[in-house]
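# Architecture and fold: a report
Listed here are the chains, written in short residue letters.
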4 protein chains.
Amino acid sequence: MAGSSKRNQNDKRTRIIDAAIQVIAEKSYHLARISDIAKVASVADGTIYLYFKNKEAILLTIFEEKMEELIGIVRLELDAITGAEDRLLCFIEQHFIQVRRHPELARVLQIELRQSSHFIHDYRPESLWEYLKIASEIIKEGQEEGVFRPDIDPFIFQWSLFGALDELSVQWILSKKRERFPFQQVAQQIGSVFLSGLTTK
Amino acid sequence: MAGSSKRNQNDKRTRIIDAAIQVIAEKSYHLARISDIAKVASVADGTIYLYFKNKEAILLTIFEEKMEELIGIVRLELDAITGAEDRLLCFIEQHFIQVRRHPELARVLQIELRQSSHFIHDYRPESLWEYLKIASEIIKEGQEEGVFRPDIDPFIFQWSLFGALDELSVQWILSKKRERFPFQQVAQQIGSVFLSGLTTK
Amino acid sequence: MAGSSKRNQNDKRTRIIDAAIQVIAEKSYHLARISDIAKVASVADGTIYLYFKNKEAILLTIFEEKMEELIGIVRLELDAITGAEDRLLCFIEQHFIQVRRHPELARVLQIELRQSSHFIHDYRPESLWEYLKIASEIIKEGQEEGVFRPDIDPFIFQWSLFGALDELSVQWILSKKRERFPFQQVAQQIGSVFLSGLTTK
Amino acid sequence: MAGSSKRNQNDKRTRIIDAAIQVIAEKSYHLARISDIAKVASVADGTIYLYFKNKEAILLTIFEEKMEELIGIVRLELDAITGAEDRLLCFIEQHFIQVRRHPELARVLQIELRQSSHFIHDYRPESLWEYLKIASEIIKEGQEEGVFRPDIDPFIFQWSLFGALDELSVQWILSKKRERFPFQQVAQQIGSVFLSGLTTK
DNA sequence: CATGAATGAGGCTTCATTCAT
DNA sequence: AATGAATGAAGCCTCATTCAT
């Protein structure tokens, strides 16, 4: 069958990435062993090196590819909505939806991505910045529409918003009794506070 | 001289902790080598084990002692202020002041403390929770005073606020041109947004 | 070639055990370095850990496997002989034959096995006891046959005999001029003394 | 007071030796730490080095001094007895008496002394040989008196006897229920066997 | 492409010994 | 003489990476 070899390749590559996400989420990057990832992916240790240059490259691939996917999804959802206020609420809601859908990925992206610049020489998390740009663009739109306070610096605001979303997501992920952080309510509350804080009276 | 031996001991212990903060801030816990810490502290590798059970204990000590110090300072500053609104602004301002004063410590506390529960079996960052409790208590006071919206869940809000403060602090620390994040403005903006979002109209 | 991979594995495992026996015999367990053993076995240090959990496990394996081998051999030889007296002489002779055949193994078993219960928590040298049981069973047989004094406690006797055999073996091993302890004569003398001491007049 | 300083010195030196015997008996030489010995002796770690060149010297001192003491005691007891047979029985009895009186010392002498030549470069346990010489001299006397078989090699015999005494002592020391090895009976049995094996009919 | 046994560099930690007080 | 804090050499072990099959 045409493409089957290629598909199998992709299959194996995908399995390695998924396994890496799972293992890194559970143990953190430095404690995740290549052999753990290989076992979960059902491949030999050496096979991983056919698809990735080294351990670090797996992490970088997760950052790049998964963030790109995420950004694509969020952008698609936002395209259907008009009005800066609703678009901001949608962004917030989507963040939590994605975290709930892929909690292990979220954990890797949130915790490991943050400290990546420590241990990956010269790594700049461009994809994270692109994700944040979505938020700051919404702010700018709102300011142009006149619905958001013009004195708010979108650059500063994007980090505030992201920090809040990120922290709550981490807590939800870590939380053993996740019902203490009901997603609907969390999204509603944070949306409410930030919108109230942002909108012109 | 009376107490000199004890003072020297404290001296050495303090030097080790400070060296650890510096090295961990620079390389992250897992890449910080005991020998690096010893070199910075100007002691022999083995000396570290006279003061700490093992590498992990150094990190835990930093968490415990430094957070306690921080909480004490912040609580002291807050005691001088009345009114939930001003107290919240003071909390926000103090957070940035402390981060700017001890950026390396901030980096360790923010990044390593967060993921510590990953690799330190059964570690619960109680001190972080106590820090957050300061914020949620201010919210509750404000709600009782009638100046803060009663529909806000203080538990959720504390994480939002902390996430925002934390993220901006990280960005300030990472930022090579820190003037892009002028502290005064950042504190003012975030205070403004959260207060506006929080206060009853 | 079928089984070649398995054979190679066994090869390497065997080489490690043999190297360990050689190095431990020469230096004693605590002074035997993993790197010494690895060098003698012509493997990398890390390879040893593919076959053994840790250093202690190598020693335990030597105890278990080699004692079992030894017991098997001695039992086989004894099966061909009838009469408690001749069986006892055979046991004595076999002890010296095995020691002369594998002097390094003998040294490890004699010296390290004896003190193993000191440093290996909760280790009970069962295999040593099984070896000794061979002797005490011969005594009991002889007592039932009426050729051995009934007032002799086989349990005490087995230790006396083993102590004597063991001590002479150690002296032979340590002896630089081993001709001072000619095996034939030693076996004959000790057999003669113990038999005379044991038989009913 | 004249001699008090000297006496204190001896006191401290004695305490170190006794502590070393205790700790080495419990953990074996290599696992006995200088700091353990210092703690038991109630002296500082460094003090030990005022009395002994290094760790090895402590062990050697135990070997030399305690064996000399032991030999003196046994010789004294033997002086009161005539007749090779009774003297041999006395030697056997004394061995067990001394072991029971100083089980920890016995353990050190028996187990560590045996393997000392492994780890103490060029150490020859002369004192052990002198102890054994007591036995072989009794044999020679008995042969001259005509009560012991002339075909027995005293040199071989001394090791047989010592091995048996030693093994039973070790088992008594290791034994948790020492009543399984009642001293009187053990001494009587071993004396009976060796005498019967040794005497001319 | 796939395997997984083998490698060996390098880290954490211990502990005999030293030396300033 | 006594102390015990400090030293630093050295060992066990892990694990990312390689390579022969």
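Below or above, wherever it landed, is the structure these notes cover. (Residues numbered from 1 in each chain as written. Chains lettered and ligands numbered in written order. Predicted model: local features only at pLDDT ≥ 70, side-chain atom pairs only at ≥ 80, totals over all residues. Heavy atoms only, no water.)

Right, let's get into the packing of helix α7 (residues 126–145) of chain C against helix α8 (residues 154–174) of chain C. Residues and elements named next belong to chain C. Running from N to C, α7 and α8 cross one another at 120°; their axes reach a closest spacing of 9 Å. Between α7 and α8, the angle is such that the two are oblique. With respect to the hand of their crossing, α7 and α8 are arranged in right-handed fashion. Judged by residue contacts, L128, W129, Y131, L132, K133, A135, S136, I139, K140 and Q143 of α7 engage P154, F157, Q158, W159, L161 and F162 from α8. (Axes fitted to C-alpha atoms, helices over the stretch in contact; angles between N-to-C directions. Helix = DSSP H or I, 4+ residues; strand = E, 2+ residues; numbered from the N terminus. Parallel < 35°, antiparallel > 145°, perpendicular 65-115°, else oblique. Left-handed = near helix turned anticlockwise from the far one by under 90°. Contact = heavy atoms within 4.5 Å.)

Now for the packing of aromatic side chains. The final tally for this structure, using the stated rule, is 26 aromatic pairs over all chains. Relative to F183 of chain B, the ring of W172 of chain B lies with its centre 4.6 Å away and its plane at 75°, an arrangement referred to as edge-to-face. Of this pair, W172 of chain B sits in helix α8 (residues 154–174) while F183 of chain B sits in helix α9 (residues 183–198), placing them 11 residues apart in sequence. Like W172 of chain B, the residue F183 of chain B is buried in the burial classification. A centroid spacing of 6.4 Å and a plane angle of 75° characterise the contact between Y131 of chain C and F162 of chain C, whose relative ring orientation is edge-to-face. Of this pair, Y131 of chain C sits in helix α7 while F162 of chain C sits in helix α8, and the two are 31 residues apart along the sequence. We classify Y131 of chain C as buried; its relative accessible area is 2%. According to the relative accessible area criterion, F162 of chain C is buried, its value standing at 6%. By way of ring pairs, the aromatic residues F157 and F194 of chain A together with F157 and F194 of chain B are connected into one cluster. The side chain of K55 of chain B reaches across the aromatic face of Y29 of chain B, ending 4.6 Å from its centre. (Phe/Tyr/Trp six-rings, centres within 6.5 Å; stacked < 30°, edge-to-face > 60°. Buried < 20%, exposed > 50% of the residue type's maximum accessible area, 1.4 Å probe, protein only. Lys NZ or Arg CZ within 6 Å of the ring centre and 35° of its normal.)

With that out of the way, let us pick up the relation of the copies chain C and chain D. Mapping chain C onto chain D is achieved by rotating through 179° and translating by 0.0 Å along the same axis, at an RMSD of 0.2 Å. In the structure described here, the two chain copies are related by an operation that fits a two-fold rotation axis. Scanning chain C for the C-alpha nearest the rotation axis identifies G197 of chain C, at a separation of 1.8 Å. Mapped onto chain D, 95% of the interface residues of chain C again fall at the interface, so both copies present the same surface. (Least-squares fit on C-alpha atoms with pLDDT ≥ 70 in both.)

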